[in-house]
Amino acid sequence: MSNRSFPTPRDVFTGMSFVAAPLFLLAYGVIRLLDGLDGSRGPGVAWTTGHAAFLIGTSLFGVVILGLYRTVADRVTGLRLTAGASTVIALLGTCATAGQVVIDLVVGLRAADRPEMNELFQQVQAYAGVKAAFYTVGPVLFYVGLLGLVVMHAVASPRKGGVWGPVAIVLGTALMAVDLDLIPVGAACYWFALAPAGWRLAQGDLADETSVTGGPDAPALA
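Residues numbered from 1 in each chain as written. Predicted model: local features only at pLDDT ≥ 70, side-chain atom pairs only at ≥ 80, totals over all residues. Heavy atoms only, no water.

### A closer look at the overall build of the protein
Item 1. When helices and strands are counted, the protein shows 8 helices and 0 strands.
Item 2. Scanning the protein from its N terminus toward the C terminus, one meets helices and strands in the order α-α-α-α-α-α-α-α.
Item 3. Relative to its full complement of 222 residues, the protein shows a buried share of 45%.
Item 4. Long-range contacts, defined here as pairs at least 24 residues apart, represent 75% of the contacts in the protein between residues at least 6 apart.
Item 5. Total accessible area on the protein stands at roughly 10800 Å², and carbon and sulfur atoms take up 69% of it. (Helix = DSSP H or I, 4+ residues; strand = E, 2+ residues; numbered from the N terminus. Buried < 20%, exposed > 50% of the residue type's maximum accessible area, 1.4 Å probe, protein only. Contact = heavy atoms within 4.5 Å. Areas by Shrake-Rupley, 256 points an atom, 1.4 Å probe, with all protein chains shown as cover.)

What follows is the structure, given as structure tokens:
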């Protein structure tokens, strides 16, 4: 009997999101570095392209979060409540991050130069709650919730990844918090933490990664 089952389209999409989301974040980080070579970032093609990649990556991280929740909840019943709370926190952070990216994109498209961008940013952030929701507090929720889910995933699948997944998430987050120029390195850490589980899920390896459509006792095909 094989431990593999035919993956559903949702399994494949979710699994590949684990692989692709950090790569889009990495692309944003690299484009951001290139955009700053002249001493000023935005507006222009690099600003718009980089933030478009960031928005796609952020959207895919939403899929990753839901995939992690399904895996954890299906494998360890006792973690469902905690996983649910972490998922809500992470999704709120994802929405806040997406909101920030959309603001950045709109400002970049409207402004003629960097001084005008700075003026538009000041106008937007002057509205009550905008800075906290989209720039300081809100995005942090994504990292907190994601780390919680990755830790629970490591507990649910201890034979695959062990503590290395959570360690890579912590390291990547710390690097990006220290210096935004380290976003490509942080994204690589995220890829190291998430991609292996994504490949297994996309390939239908239910021995180690529960399908998003079934629990750990789902029947395997011969």
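### Regarding the nonpolar core
Item 1. Judged by nonpolar contacts, the single largest core of 32 residues is most densely connected at Leu25, Phe61, Leu68, Tyr190 and Leu194.
Item 2. Those residues within four positions of tyrosine 190 in sequence are excluded, and the remaining contacts are Pro22, Leu25, Phe61, Phe142, Tyr143, Leu146, Ile169, Gly172, Thr173 and Met176. (Core = buried A, V, L, I, M, F, W, Y, C linked by side-chain atoms within 4.5 Å.)

### Side note on a nonpolar patch on the surface
Item 1. Judged by side-chain polarity, Val12, Met16, Leu23, Val163, Trp164, Val167, Trp191, Phe192 and Trp199 come together as a nonpolar surface patch covering roughly 860 Å² of accessible area.
Item 2. Among the secondary structure elements, tryptophan 199 is positioned in helix α8 (residues 183–202).
Item 3. Residue classification places tryptophan 199 among the partly exposed positions, given a relative accessible area of 38%. (Patch = residues over 30% accessible without salt bridge, like charges linked within 9 Å, V, L, I, M, F, W, Y side chains within 5 Å. Salt bridge = Lys/Arg side-chain N within 4 Å of Asp/Glu carboxyl O.)

### Quick notes on the confidence of the model for the protein
Item 1. Summary statistics for the protein give a mean pLDDT of 87 and a share of 86% for residues scoring 70 or more.
Item 2. By mean pLDDT, helix α6 (residues 138–156) is the weakest element of the protein at 93, and helix α3 (residues 80–110) is the strongest at 96.
Item 3. Of the regions scoring below 50 in pLDDT, residues 206–222 engages in 52 contacts with residues more than four places distant in sequence or in other chains. (pLDDT = per-residue confidence, 0-100.)

### Comments concerning the side chain of aspartate 35
Item 1. Within the secondary structure layout, aspartate 35 lies in helix α1 (residues 9–35).
Item 2. The contact partners of aspartate 35, leaving out residues within four places of it in the chain, are Ser40, Arg41, Gly42, Ala46 and Trp47.

### Considerations on the packing of α6 against helix α7 (residues 164–178)
Any two packed helices are characterised by the angle at which their axes cross and by the distance between the axes.
Item 1. Two elements in contact, α6 and α7, have axes separated by 8 Å at closest approach and are oriented at 160 degrees. With respect to their mutual orientation, α6 and α7 come out roughly antiparallel. The hand of the α6/α7 crossing is left-handed. Taking contact as the criterion, the partners of Tyr143, Leu146, Leu147, Val150, Val151 and Ala154 in α6 are, on α7, Gly165, Pro166, Ile169, Val170, Thr173 and Met176.
Item 2. Its residues assigned to classes, the contact of α6 with α7 comprises 10 nonpolar, 2 polar and no charged. (Axes fitted to C-alpha atoms, helices over the stretch in contact; angles between N-to-C directions. Parallel < 35°, antiparallel > 145°, perpendicular 65-115°, else oblique. Left-handed = near helix turned anticlockwise from the far one by under 90°. Nonpolar A, V, L, I, M, F, W, Y, C, P; charged D, E, K, R; others polar.)

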